[in-house]
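# Survey of secondary and tertiary structure
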Amino acid sequence: MNEAPTQCGVVAVIGAPNAGKSTLVNQLVGQKVAITSAKAQTTRARMLGLALFGPVQMILVDTPGIFEPRRKLDRAMVSAAWEGAESADAIVLLVDPIKQRRHELEPLLEALAGRPERKILVLNKVDKAKKEPLLALAQELSAKVTFEEIFFVSALTGDGVDELKEALAKLMPEGPWMYPEDQVSDAPERLLAAEITREQLYQQLHEELPYDSAVRPEQYKTRPDGSLEIHQQIVVARDTQRGIVLGKGGQRIKAIGEAARKELSEILGVKVHLFLHVKVLENWSEDKEVFEEMGLDWVR
């Protein structure tokens with residue numbers, strides 16, 4: 001009996017900030033790999049997820065929202081996003097039909113129009129959007145860019161995601177798998193651990209803490225009993241922000257650490273000991289070393 005030849009390829013997932021990219025990647029993979037947060041621009045590193053469909057392995061590049069880069073950090077994120085799209089076998093443009101974010105979507109459409117990759121348009125949030133405007137939007141966007149196919153999905157409920165996954169699998173070239181079957185993300189675990197802590201920072205302090213914070217992985221080691229010991233540094237730009245992160249009597253940082261530790265234990269399947277401390281670094285976002293530790297390329 002001949003087994004089907006294996007296929008393996010790269011799918012870049014792009015869209016305006018907050019279109020639901022991380023949620024879609026998590027649905028395609030079948031478990032959480034990219035952080036999902038209500039704040040825009042939370043994906044800083046090029047987080048990869050691996051989605052399997054029969055003999056096909058798809059490497060999903062969850063690109064940072066592509067937007068007008070103002071600070072060095074933004075520039076690094078945008079450059080990571082386009083690099084991710086450059087080596088792709090297919091590009092998925094994910095659009096939120098409700099928010100649309102035209103000022104960010106238009107430049108994206110212009111950039112996509114001239115690209116050689118096969119492109120798929122995915123309109124998200126079908127569980128909330130009205131049908132007529134949805135079809136009109138699909139038609140309008142197709143007039144600007146040639147899309148192979150159009151899908152209507154809900155990244156949140158998973159509606160329509162299986163059909164999208166099957167279509168993407170058909171676009172992948174023949175070739176050996178690049179990653180072992182049981183590996184869902186090649187983001188080194190220490191980076192994933194830092195992302196999860198950062199997600200908690202945002203969830204718990206979304207109103208009070210601006211984007212000037214980062215989580216730096218420091219130590220990551222396995223103890224003799226098999227549990228993990230993780231040390232991370234939360235970097236903020238000002239002393240007042242340090243107080244916000246710590247909270248009264250250290251309660252806030254304790255809650256952040258507890259939630260992140262719990263989630264990490266679930267994802268990694270082992271007991272996790274997480275140690276957090278806060279450091280004030282006024283111009284951290286201009287610091288090459290901090291960037292590289294977060295898995296980003298330094299962009300001048």
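It should be emphasised that the depicted structure is a prediction, and the values quoted were computed from it without experimental measurement.

## Structural notes on the pairing of strand E6 (residues 149-152)
In summary, the side chains of a regular strand alternate between the two faces of the sheet. Strand direction decides the pairing type here: strand E5 (residues 118-123) and E6, joined by four bridges, are parallel. Its bridge partner lying in E6, Val-122 is registered against Phe-151. Since E5 and E6 lie parallel, the crossover through helix H4 (residues 131-144) that links them has a hand, and here it is right-handed.

## Examining the side chain of Glu-229
Summarising the element assignment, Glu-229 is placed in strand E8 (residues 228-236). Judged by relative accessible area, Glu-229 falls into the buried class, the value being 12%. A polar atom in the side chain of Glu-229 sits 2.7 Å from the side chain of His-231. Once you skip the residues sitting within four places of it in the chain, Glu-229 turns out to touch Gln-219, Tyr-220, Lys-221, Arg-223, His-273 and Phe-275.

## Considerations on the nonpolar core
Leu-24, Met-58, Val-92, Ile-120, Val-122 and Leu-168 are the most contacted members of the largest nonpolar core, which has 26 residues in total. Put simply, the parts of the chain that give this core at least two residues each are strand E1 (7-14), helix H1 (21-29), strand E3 (56-62), strand E4 (90-95), E5 and helix H5 (161-171). The element that contributes the greatest number of residues to this core is H5, accounting for six residues. One finds Ile-91, Leu-108, Leu-109 and Phe-147 within the second-largest nonpolar core, a separate group that totals 24 residues.

## Some words on the pairing of E8
A large share of E8 lies buried, amounting to nine of its nine residues. On E8, burial covers both faces: Leu-228, Ile-230, Gln-232, Ile-234 and Val-236 on one face and Glu-229, His-231, Gln-233 and Val-235 on the other are all buried. Here strand E7 (residues 214-222) folds back onto E8, and the loop between the two strands holds five residues, one of which, Gly-226, carries a positive phi near 95°. The pairing of E8 with strand E9 (residues 272-280) spans nine bridges and is parallel. For Gln-233, the partnering residue across the bridge sits in E9 and is His-277.

What counts and what doesn't
Residues numbered from 1 in each chain as written. Predicted model: local features only at pLDDT ≥ 70, side-chain atom pairs only at ≥ 80, totals over all residues. Heavy atoms only, no water. Pairing = 2+ DSSP bridges. Helix = DSSP H or I, 4+ residues; strand = E, 2+ residues; numbered from the N terminus. Right-handed = clockwise from strand over helix to strand, strands pointing away. Buried < 20%, exposed > 50% of the residue type's maximum accessible area, 1.4 Å probe, protein only. Polar contact = N/O pair within 3.5 Å; in protein donor to acceptor, adjacent residues only side chain to side chain. Contact = heavy atoms within 4.5 Å. Core = buried A, V, L, I, M, F, W, Y, C linked by side-chain atoms within 4.5 Å.

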